[in-house]
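Chain by chain, the residues:
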Amino acid sequence: MSNLIQTADTGDGVRVLTLNNPPVNALSYAVCGELVPAIAAAAADASVTTVIFTGANNTFSAGADVNDFAIRPTAETKTVRDAIEAVERSDKTFVAAIEGNALGGGLELALACDYRVAATKSRVGLPEIKLGLLPGAGGTQRLPRLIGANEALQLMLKGELIKAPDAHAKGIVDEVVDGDPVEAAKAYAGKPKRRLSQRKAELGVANLGLFATPFVVAQAHMMVPPEENGGYAAHKLIDAVQAAIELPFERGWARELRLFMELVQSAPSAALRHVFFAERELSKVPGLPKTEPLPIKKAGVIGAGTMGTGIAIVFAEAGIPVTVVEPKDEAVEKARETVFGMFKYQVDKGRLSQEDAWKRANSIAFESDFSELSDVDVVVEAAFESMPVKKEIFAKLDAVTKPDCILASNTSTLDIDEIAAATKRPDKVLGLHFFAPANIMKLLEIVRGKETSPQTLTSGIALGKALRKVAVVSGNAFGFIGNRMLFAYEEQAVRLAEEGVTPARIDDVMKNKFGFAMGPFAVADLSGLDVYHFISQSQGGAPLGRIPIIAKLVEQGRLGQKTQKGFFRYDKAVGKGREAIPDPEVEQLIAQLAKDAGIPQNPNVSDDEIIARCTRALADSGAELLRTGVALRPGDVDIVWIYGYGFPPHHGGPMHYAAEVGYMPEGGTANAQTKELTHA
Ligand code: CAA
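Thresholds applied
Residues numbered from 1 in each chain as written. Predicted model: local features only at pLDDT ≥ 70, side-chain atom pairs only at ≥ 80, totals over all residues. Heavy atoms only, no water. Helix = DSSP H or I, 4+ residues; strand = E, 2+ residues; numbered from the N terminus. Rg over C-alpha atoms; globule rule 2.2 N^0.38 Å. Buried < 20%, exposed > 50% of the residue type's maximum accessible area, 1.4 Å probe, protein only. Contact = heavy atoms within 4.5 Å. Areas by Shrake-Rupley, 256 points an atom, 1.4 Å probe, with all protein chains shown as cover. Lys, Arg positive; Asp, Glu negative; His and termini not counted. Charge placed at Lys NZ, Arg CZ, Asp CG, Glu CD. Near = heavy atom within 4 Å. Polar contact = N/O pair within 3.5 Å; in protein donor to acceptor, adjacent residues only side chain to side chain. Nonpolar A, V, L, I, M, F, W, Y, C, P; charged D, E, K, R; others polar. Pairing = 2+ DSSP bridges. Axes fitted to C-alpha atoms, helices over the stretch in contact; angles between N-to-C directions. Phe/Tyr/Trp six-rings, centres within 6.5 Å; stacked < 30°, edge-to-face > 60°. Lys NZ or Arg CZ within 6 Å of the ring centre and 35° of its normal. Core = buried A, V, L, I, M, F, W, Y, C linked by side-chain atoms within 4.5 Å. Expected span 1.5 Å × (residues − 1).

**Student:** Give a description of the overall build of the protein chain that names residues and reports values.
**Tutor:** Across its full length, the protein chain holds 26 helices and 17 strands. The C-alpha radius of gyration of the protein chain comes to 28 Å, within 12% of the 26 Å expected for a compact globule of 680 residues. C-alpha atoms of the protein chain, sized along the principal axes, occupy 85 × 60 × 50 Å. By residue count, 55% of the 680 residues in the protein chain fall in the buried class. Taking all contacts inside the protein chain whose residues are at least 6 apart in sequence as the whole, residues at least 24 apart take part in 73%. With an accessible surface of roughly 29000 Å², the protein chain has 53% of that area assigned to carbon and sulfur atoms. One way to put it: in the protein chain the 73 positive side-chain charges average out to a point 2 Å from where the 84 negative ones average out.

Here you go:
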């Protein structure tokens, strides 16, 4: 008796085949191993006129099982493609009844059907590109035949999930229903077959005549990143859609498979699949006893600076009312402007209705006194980065907030245990380290102090989810995970500069050749060189690198973007003051300091060596964090760098990349499952 596929005949010639592979009904090899014969059996049964596909577990299917891509199929292995071929061979009518999600191979199975009915709250999408793949079960051939190649291509390149009503408007589903989609699907029983494989794909672009296809295809290739720098799957996806327009279905179907197989075996896809699973591991903390998170219905924020305001917006966006305590009127004025400006922008972009934007903006209250925080469930302190200041704030918070209120610090470098010691509830204290701008950056480091209780940590993780952040748990160590590694990375970049490689070249290689969002020197200029200087002073005064270049630049008032001069120059007239302009003065200063220090020059180092040295510095530092238990798993380190520091996802993060290129320092592949956080 099959259990991954449930079969039920409901009368009037209707057979319902229910996918049942919790939690998301992934179409694994095992599921397809049962689905293919179930379709064949329905096809051979004269009493059946119509087959309805649906899913148990309140969802249709999240597509092929991503785990299976690491397994080499044998001749007996059945895949979504085999199930779809079985549908194609059959002369019955097929209807997809969609609830929850129909994604990837799930939607492709639905596209192979004659009709599609979706529950109002369901979503459909072909998100394979996010895994470095293309829809490999006919999606690239059928969707263009359904909604036009141009629109299908845009949808697949973005990989977005679309809500059922929008999918209906685009013609992807035939009907949207509030009730049970299976019941609605029965109305299609016995209706004529309508296979997309029998249709021709239209381009869906008017007025371009004969040159339309080459034009659209060339435009698409121009729009996506280069193959070697994040666009490997995108170019193949465009090739597959081109085949849908130019070739008969059977040949396009075959070409899609070839392109898909190339992608499954590619390094970028392996990296992106690693990221997918690493992200889903984050909330699993080994050794953390199961406890219920404390409900967070109201929040407080201390400080209305850039970080405090951003954090308040994050709470408001998640529907959690928030009180910001800020005594300075000018700061409050500026913060209010930022808040209203941001919500207005959301309305202008069509992301929020005027009414919702107004409600959210007004869910942020500004107060001057701590006593206003007596009823909040969590407070995030975002005040000046100084231990005495933070200690004073935490002692006050301890006195005014209710006993079970969680007290969090947004510190990026200070010791959470020392901050917690200023309170009588160190078990309720943890770090919530947001990244600027807090309402845009997805990363949140959750710092677990020595005394942080399991319930506080669990609540922090749940809060991270509610705030729609990618939350990574870190031990309480200097710089936590991200900034500790940043210093190692920046130091290596400075060392290369000392050897005569210009900052402009290093940034160009790390950005344009390796794929970082920004080069290391542009990052330093953005963060502020005074911040680096302050931190290195607080850590004993050792410079980043062998020469005190950052101290000298700070001495000259070159603090980075904010003073329009740092490692680079900035000009308001060039790229809104954000574009780095190489500055020969800085290059000369570095050369002079290096000469004085007797540092051997090696300006002709290859691009590959620049990449190797910078990425090895990251991997070495990441491995140290793993060895000392500050980070739980190599994947956690990777996620911090991808979401917080613009590490190219197609390289999978610093630890994945190190393994990929065969450079793995001791401890870098730590078996996380058995590891628990320590407090180095
Ligand atoms: N394969 C294997 N496991 C999957 C999966 C998939 N396609 N989709 C989700 N899962 C697993 C997750 O790893 C997670 O497992 P654990 O509980 O063990 O951590 C569990 O299902 C729940 O997933 P989420 O935590 O992500 O739950 P969510 O509710 O936040 O999101 C989702 C659900 C929107 C479906 C999200 O999981 C998702 O986007 N999944 C991937 C969808 C996708 O990319 N599909 C395409 C697959 S490739 C393909 O289909 C190729 C083809 O053309 C044939």
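Additional details are given in the paragraphs that follow.
**Student:** Residue-level account of the environment of alanine 267, with values.
**Tutor:** In this fold, alanine 267 is placed in helix H11 (residues 267–281). Placed 274 residues apart in sequence, alanine 267 and glycine 541 show a C-alpha to C-alpha distance of 41 Å. Those residues in contact with alanine 267 that lie beyond four places of it in its chain are His650 and Glu660.

**Student:** Describe in detail the site of the ligand, supporting the description with residues and values.
**Tutor:** Taken together, 26 residues lie near the ligand, and Ala62, Gly105, Glu108, Arg280 and Lys284 sit nearest. Here a nitrogen atom of the ligand sits 2.8 Å away from a polar atom, N or O, in the main chain of alanine 62. Measuring from an oxygen atom of the ligand, one finds a side-chain N or O atom of glutamate 128 at 3.0 Å. Within the complex, the protein chains bury 71% of what would otherwise be the 970 Å² of accessible surface of the ligand. Those elements that place two or more of their residues in the shell around the ligand are strand E5 (101–103), helix H3 (105–111) and H11. With 3 residues, H11 is the single largest residue contributor to the shell around the ligand. Each residue belonging to the shell around the ligand can be placed in one class, and the counts come to 14 nonpolar, 6 polar and 6 charged.

**Student:** Give a description of the sheet that holds strand E7 (residues 123–125) that names residues and reports values.
**Tutor:** Taken in spatial order, the 3 strands line up as E5-E7-E8 in an open sheet, and their pairing is mixed. Edge positions in the sheet fall to E5 and strand E8 (161–163), since each has one partner strand and no second. Across the sheet, the axes of successive neighbouring strands diverge by a mean angle of 20°, strand direction being ignored. Relative to E7, E5 is paired through 3 bridges, and the arrangement is parallel. Bridge pairing links asparagine 101 to arginine 123 in E7.

**Student:** Explain the packing of aromatic side chains to me, and be specific about the residues and the numbers.
**Tutor:** Counting across every chain of the model gives 18 aromatic pairs. For the ring pair phenylalanine 516 and phenylalanine 647, a centre distance of 5.2 Å and an interplane angle of 80° mean the geometry is edge-to-face. Of this pair, phenylalanine 516 sits in the loop between helix H19 (503–513) and helix H20 (520–527) while phenylalanine 647 sits in the loop between helix H25 (634–645) and helix H26 (654–660), placing them 131 residues apart in sequence. Given the relative accessible area of 3%, phenylalanine 516 is considered buried. A relative accessible area of 1% places phenylalanine 647 in the buried class. Through successive ring pairs, a cluster of aromatic residues spans Phe435, Tyr489, Phe514, Phe516, Trp641, Tyr645, Phe647 and Tyr657. Stacked on the ring of phenylalanine 370, the Lys or Arg lysine 396 has its end atom at 4.7 Å from the ring centre.

**Student:** Help me get a handle on the side chain of threonine 18, residues and values and all.
**Tutor:** With respect to the helices, strands and loops of the structure, threonine 18 is situated in strand E2 (residues 14–19). If we skip the residues at most four places from it in the chain, threonine 18 touches Leu4, Ile5, Gln6, Thr54, Gly55 and Ala56.

**Student:** So what's going on with the environment of glutamate 372? Which residues, and what values?
**Tutor:** Within the secondary structure, glutamate 372 is located in the loop between strand E12 (364–367) and strand E13 (378–381). For the pair glutamate 372 and glycine 310, spaced 62 residues apart in sequence, the C-alpha separation works out to 20 Å. Sequence-distant contacts of glutamate 372, defined by excluding residues within four places in its chain, comprise Thr323 and Glu367.

**Student:** Summarise the sheet that holds strand E3 (residues 50–55); cite the residues concerned and give the values.
**Tutor:** Ordered in space as E1-E2-E3-E4-E6-E9, the 6 strands form an open sheet in which the pairing is mixed. Where the open sheet ends on each side, the last strands, each with one partner, are strand E1 (5–11) and strand E9 (175–177). Each adjacent strand pair in this sheet contributes to an overall mean axis angle of 20°, direction not counted. Of the pairings in the sheet, the one linking strand E6 (residues 115–119) to E9 comprises 3 bridges and is parallel in character. Pairing of alanine 119 across the sheet is with valine 177, part of E9. This element, helix H1 (residues 29–44), spans E1, E2, E3 and strand E4 (93–98) of the sheet and lies at about 180° to E2.

**Student:** Outline unusual backbone geometry, supporting the account with residue identities and numerical values.
**Tutor:** Cis rather than trans, the peptide bond between proline 22 and proline 23 has omega equal to 5°. Within the secondary structure layout, proline 23 lies in the loop between E2 and H1. Along the chain, alanine 436 connects to proline 437 via a cis peptide bond; the corresponding omega equals -10°. Along the chain, proline 437 turns up in the loop between strand E15 (429–434) and strand E16 (443–448). One non-glycine residue, aspartate 12, lies in positive phi territory at about 55°. The phi torsion at asparagine 25 lies on the positive side, around 55°, for a residue other than glycine. Among the secondary structure elements, asparagine 25 is positioned in the loop between E2 and H1. Owing to a relative accessible area of 1%, asparagine 25 belongs among the buried residues under this scheme.

**Student:** So, the nonpolar core: which residues are in play, and what are the values?
**Tutor:** Ranked by size, the top nonpolar core spans 75 residues in total, and within it Leu35, Ile39, Phe53, Ile98, Leu143 and Ile172 carry the most contacts. Excluding anything up to four places from it in sequence, isoleucine 172 contacts Leu107, Arg116, Val124, Leu143, Leu146, Ile147, Leu155, Ile162 and Ala167. Core analysis: the next-biggest nonpolar cluster, separate from the first, contains 65 residues, Ile535, Val586, Leu589 and Val637 among them.

**Student:** Can you break down the pairing of E16 residue by residue, with the values?
**Tutor:** Here E16 lies mainly inside the structure; 6 of its 6 residues are buried. The side-chain alternation of E16 yields two buried faces, one formed by Leu443, Glu445 and Val447 and the other by Leu444, Ile446 and Arg448. Of the pairings in the sheet, the one linking E15 to E16 comprises 4 bridges and is antiparallel in character. By the bridge assignment, leucine 432 is partnered in E16 with isoleucine 446.

**Student:** So what's going on with H1? Which residues, and what values?
**Tutor:** In a regular helix each residue adds 1.5 Å, so 16 residues correspond to 22 Å; H1 covers 23 Å between its end C-alpha atoms and thus fits that length. Taken together, the buried positions of H1 are occupied by Val31, Cys32, Leu35, Val36, Ala38, Ile39 and Ala42. Summarising the contacts, the buried residues of H1 are in contact with E1, E2, E3, helix H2 (80–89), E4 and H3.

**Student:** Account for the side chain of asparagine 483, naming residues and giving values.
**Tutor:** Here asparagine 483 lies in helix H18 (residues 482–498). Residue classification places asparagine 483 among the buried positions, given a relative accessible area of 12%. Those residues in contact with asparagine 483 that lie beyond four places of it in its chain are Ser412, His433 and Tyr645.

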